[in-house]
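Listed below are the residues making up each chain.
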Amino acid sequence: MPIINVKGTHDVIGDEAALYSVVESIMRTMSMQYAFNEVRPPVLEHSELFIRGMGNSTDVVRKEMYTFLDKGDRSLTLRPEFTAGIMRMIVQNKLYATNDLPLKYFYLGPVFRYERPQLGRFRQFNQFGVELVGGQSSFYDVEVISLAYDILQMLRLKNVVLKINTLGDEESRNAYRDALKKFFAPHITNMCEDCKNRYELNPLRILDCKVPEDQEIVKLAPKMSDFLSETSKTKFAQVLKSLDELGIPYEVDDSLVRGLDYYSETVFEFHYTSENGNNYGAIGAGGHYSHLVQEIGGPDLPGIGFSFGIERIVSVLKDDNILNEEKLDQFVDFYVMPLGEENKDYAYHIASKLRGLDFVTDICLDKAKLPAMFKRAEKKRAKFAVIIGENEVNEKKMVIKNMTSQEQVELKEDELLEKIYGIHDQIYECDECEEK
């Protein structure tokens, strides 16, 4: 019986891998333009970190963590998200004391959640996000939201809906929790098991229930906006005013609470429906946290962040034919084709020179006839074929064939540095003429 991949995991191959790279490159570049710096925390953390950091009422902690005992009988967990690990990194390395605040970090890597695989969702998936820690102004909330929005714009996503809400400060949330418990008390025995658990642990999470019958009850629940302190009202109004001034459209969603217990004040999600009508739900989300650094053992510093699931973003792009594989220009500049075994040494020498000049270069090292090598060059989307036969070896030259125009020229090896860039650039001039 063949060995296959684990359920909920997937192989990223060929042009799809190239699409991932393009998406990740855009996210990295935009984050660096906002002066965020990359960090790479470990995949494995002590389980206590996520229980303390994320809260034991969250579905991730209660149901979805990959947790095991190692040979030292220590409970370890494959990270289900990055934020708690980055807070641990900040506290352990005292980055809050050795760097100017706010700390601005971005990250990229795999995360693991034992959940039902579905559209754009896997049990191992890749997450990109940012954390801004130690900024006291509400304008930092706007900065992080603006970065996330700009990334989606750079990816040319048109049907993005930013949903935003505030969970208020501690005073506001305590009052709201009491009101929710009072409201749900006569209903809770008829609600789902998750809601019953959430009622005891964190009644705000009931608002996120996906059971249709329970959603009808939730619609009648008190609204967070009725329990906000004046401080929280002022802060949220400032965030919305700044978004208006930046021209970032949004919808205020009173039911938005997010799935992790550490959130407070501003929370947001980016929702997307493809041109084909596929509703992807939230393709990215984030929010503000007031005491997470302190919960991990550091000083009481606020923070805000967001994350995108790369798989989900890639699914959207493919669904709407944006940045699809054919548009990635993942091609070979030169495909070197030696005519016979005896000519491979010189052909490899030429390939190495082309690579040294920063051209993407491949070479046929198998036994193959010229027509077969040309077919390989076409499949690799090679711009040029470089033909090396006995005559070329003897005279230290090469034949370069333009795979678009089918024109070919001879070039001596000692002319390579002087002329190859001009030959290479001609193909882009031809492409521009065809587009016009």
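Nothing here was measured: the structure is a model prediction, and the numbers come from that model. (Residues numbered from 1 in each chain as written. Predicted model: local features only at pLDDT ≥ 70, side-chain atom pairs only at ≥ 80, totals over all residues. Heavy atoms only, no water.)

A. Region of interest: the nonpolar core. Ranked by internal contacts, the top residues of the largest apolar core, which has 48 residues, are I86, M87, I90 and F184. For this core, the elements supplying multiple residues, two or more each, are α2 (47-54), α4 (83-92), β5 (103-112), β6 (124-133), α7 (170-184), α8 (193-201), α9 (212-218) and α11 (292-296). When residues of this core are assigned to their parent elements, the largest contribution, 6 residues, is made by α4. Contact partners of I86, with chain neighbours within four places excluded, come to V39, P41, Y105, Y107 and E131. Ranked by size, the runner-up nonpolar core spans 46 residues in total, among them Y20, V23, V144 and I283. (Core = buried A, V, L, I, M, F, W, Y, C linked by side-chain atoms within 4.5 Å. Buried < 20%, exposed > 50% of the residue type's maximum accessible area, 1.4 Å probe, protein only. Helix = DSSP H or I, 4+ residues; strand = E, 2+ residues; numbered from the N terminus. Contact = heavy atoms within 4.5 Å.)

B. Layout of the environment of V39. Checked against the element boundaries, V39 lands in the loop between β1 (37-38) and β2 (44-46). By relative accessible area, V39 is classed as buried at 10%. If sequence neighbours within four positions are ignored, V39 has contacts with I86, M89, Y105, F106 and Y107.

C. View of α8. Listed in full, the buried residues belonging to α8 are C195, R198 and Y199. Taken down its axis, α8 places every buried residue within 110 degrees of arc, on the same side. In α8, the exposed positions that point more than 90 degrees away from the buried face belong to E193 and E200. (Arc of directions from axis to C-beta.)

D. Looking closely at the pairing of strand β14 (residues 384-388). Taking burial as the measure, the 5 residues of β14 include 5 buried ones, the bulk of the element. Where strand β12 (residues 334-338) meets β14, 5 bridges bridge the pair, whose relative direction is parallel. Across the sheet, the residue bridging to P338 is I388, located in β14. Here 4 bridges tie β14 to strand β15 (residues 397-402), and the two strands are oriented antiparallel to one another. Bridge pairing links F384 to N402 in β15. (Pairing = 2+ DSSP bridges.)

E. A look at helix α12 (residues 310-319). Burial runs high along α12: 9 of the 10 residues are buried. If you check which residues of α12 are buried, you get I310, E311, R312, I313, V314, S315, V316, L317 and D319. A positive phi of about 60 degrees marks N321, the residue just after α12.

F. Geometry of the sheet that holds strand β3 (residues 66-69). Strands sit in the order β2-β4-β3 across an open sheet of 3 strands; the sheet is antiparallel. Edge positions in the open sheet fall to β2 and β3, since each of these has one partner strand only. Put simply, the sheet's adjacent strands are angled 35 degrees from each other on average, direction ignored. Pairing geometry for β2 and strand β4 (residues 75-78), over 3 bridges, is antiparallel. From the neighbouring strand, H46 faces β4, where its bridge partner is L76. (Axes fitted to C-alpha atoms, helices over the stretch in contact; angles between N-to-C directions.)

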